[in-house]
Amino acid sequence: GVYQADGNNASLTDASVDGVEVFIRLDQNSWYNMPFASFYSSGDYCAYGYTTGTTSFYYYYTSAPTVTFYYKVVVIPPAVMKQHPNTNWKDLSAITALMHGNNARS
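Residues numbered from 1 in each chain as written. Predicted model: local features only at pLDDT ≥ 70, side-chain atom pairs only at ≥ 80, totals over all residues. Heavy atoms only, no water.

Caption draft 1: Seen up close, the nonpolar core. Formed by 13 residues in total, the largest nonpolar core has its most connected members in Val22, Ile24, Phe39, Cys46, Phe69 and Val73. If you list the elements that add at least two residues to this core, you get strand E2 (19-26), strand E6 (54-60) and strand E7 (69-76). For this core, the leading source of residues is E2, giving 4 residues. Sequence-distant contacts of Ile24, that is, excluding residues within four places in its chain, are made with Ser30, Trp31, Tyr32, Met34, Phe39, Cys46, Phe69, Tyr70 and Tyr71. Val74, Ile76, Leu92 and Ile95 belong to the second largest nonpolar core, which has 8 residues in total. (Core = buried A, V, L, I, M, F, W, Y, C linked by side-chain atoms within 4.5 Å. Buried < 20%, exposed > 50% of the residue type's maximum accessible area, 1.4 Å probe, protein only. Helix = DSSP H or I, 4+ residues; strand = E, 2+ residues; numbered from the N terminus. Contact = heavy atoms within 4.5 Å.)

Caption draft 2: Examining the sheet that holds E2 more closely. Judged by pairing direction, the sheet is antiparallel, and its 3 strands sit side by side in the order E3-E2-E7 without closing on themselves. The open sheet terminates on both sides in strands that have one partner only, identified here as strand E3 (32-33) and E7. Strand direction decides the pairing type here: E2 and E7, joined by 8 bridges, are antiparallel. For Val22, the partnering residue across the bridge sits in E7 and is Val73. (Pairing = 2+ DSSP bridges.)

Caption draft 3: Inspection of the environment of Leu98 at higher detail. Looking at the secondary structure, you find Leu98 in helix H2 (residues 92-99). Among the residues examined, Leu98 registers a relative accessible area of 17% and is labelled buried. With 67 residues separating them in the primary sequence, Leu98 and Trp31 have C-alpha atoms 17 Å apart.

Caption draft 4: Broad picture of the packing of aromatic side chains. In the structure shown here, the tally under the stated rule is 11 aromatic pairs. Three or more aromatic residues link up through ring pairs in this structure, and these residues are Tyr32, Phe36, Phe39, Tyr40, Tyr59, Tyr61 and Phe69. Against the face of Tyr70 rests Arg25, its NZ or CZ located 6.0 Å from the ring centre. (Phe/Tyr/Trp six-rings, centres within 6.5 Å; stacked < 30°, edge-to-face > 60°. Lys NZ or Arg CZ within 6 Å of the ring centre and 35° of its normal.)

Caption draft 5: Main features of the sheet that holds strand E1 (residues 2-8). Taken together, the 4 strands give an open sheet; going across it, the order is E1-E6-E5-E4, and neighbouring strands pair in antiparallel fashion. What marks the edges here is a single partner per strand, and that holds for E1 and strand E4 (36-37). Two strands pair when backbone bridges link them, and strand E5 (residues 45-51) and E6 are joined in this way by 7 bridges, in the antiparallel orientation. Across the sheet, residue Cys46 finds its bridge partner in E6, namely Tyr59.

Caption draft 6: Molecular detail of a nonpolar patch on the surface. Together, Val2, Tyr45 and Tyr60 give the surface a local cluster of nonpolar side chains, amounting to about 270 Å² of exposed area. With respect to the element layout, Tyr45 can be found in strand E5. Judged by relative accessible area, Tyr45 falls into the partly exposed class, the value being 35%. (Patch = residues over 30% accessible without salt bridge, like charges linked within 9 Å, V, L, I, M, F, W, Y side chains within 5 Å. Areas by Shrake-Rupley, 256 points an atom, 1.4 Å probe, with all protein chains shown as cover. Salt bridge = Lys/Arg side-chain N within 4 Å of Asp/Glu carboxyl O.)

Okay, structure coming up:
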């Protein structure tokens, strides 16, 4: 089955140009960049999609998860992406380091 949760995201002002990275974790575990396979159960798949103002989270598996997933959505404006072309946008620590001096919004 597919299980979906949608969240409002006021920081996502232009889905056609904003960079979007989504990270997932359980409790106090490390953040993992999505999409991610075999996250909670062997053979599951976690993914996301977005439009202006909304982020959707998908869990693909035979049954719904029995734990809480935590998500961090990072919206990177195109100007920030252009200023830092060599940044690994799938690395949350790299993004966090840049957020202190730029307009990335999470």
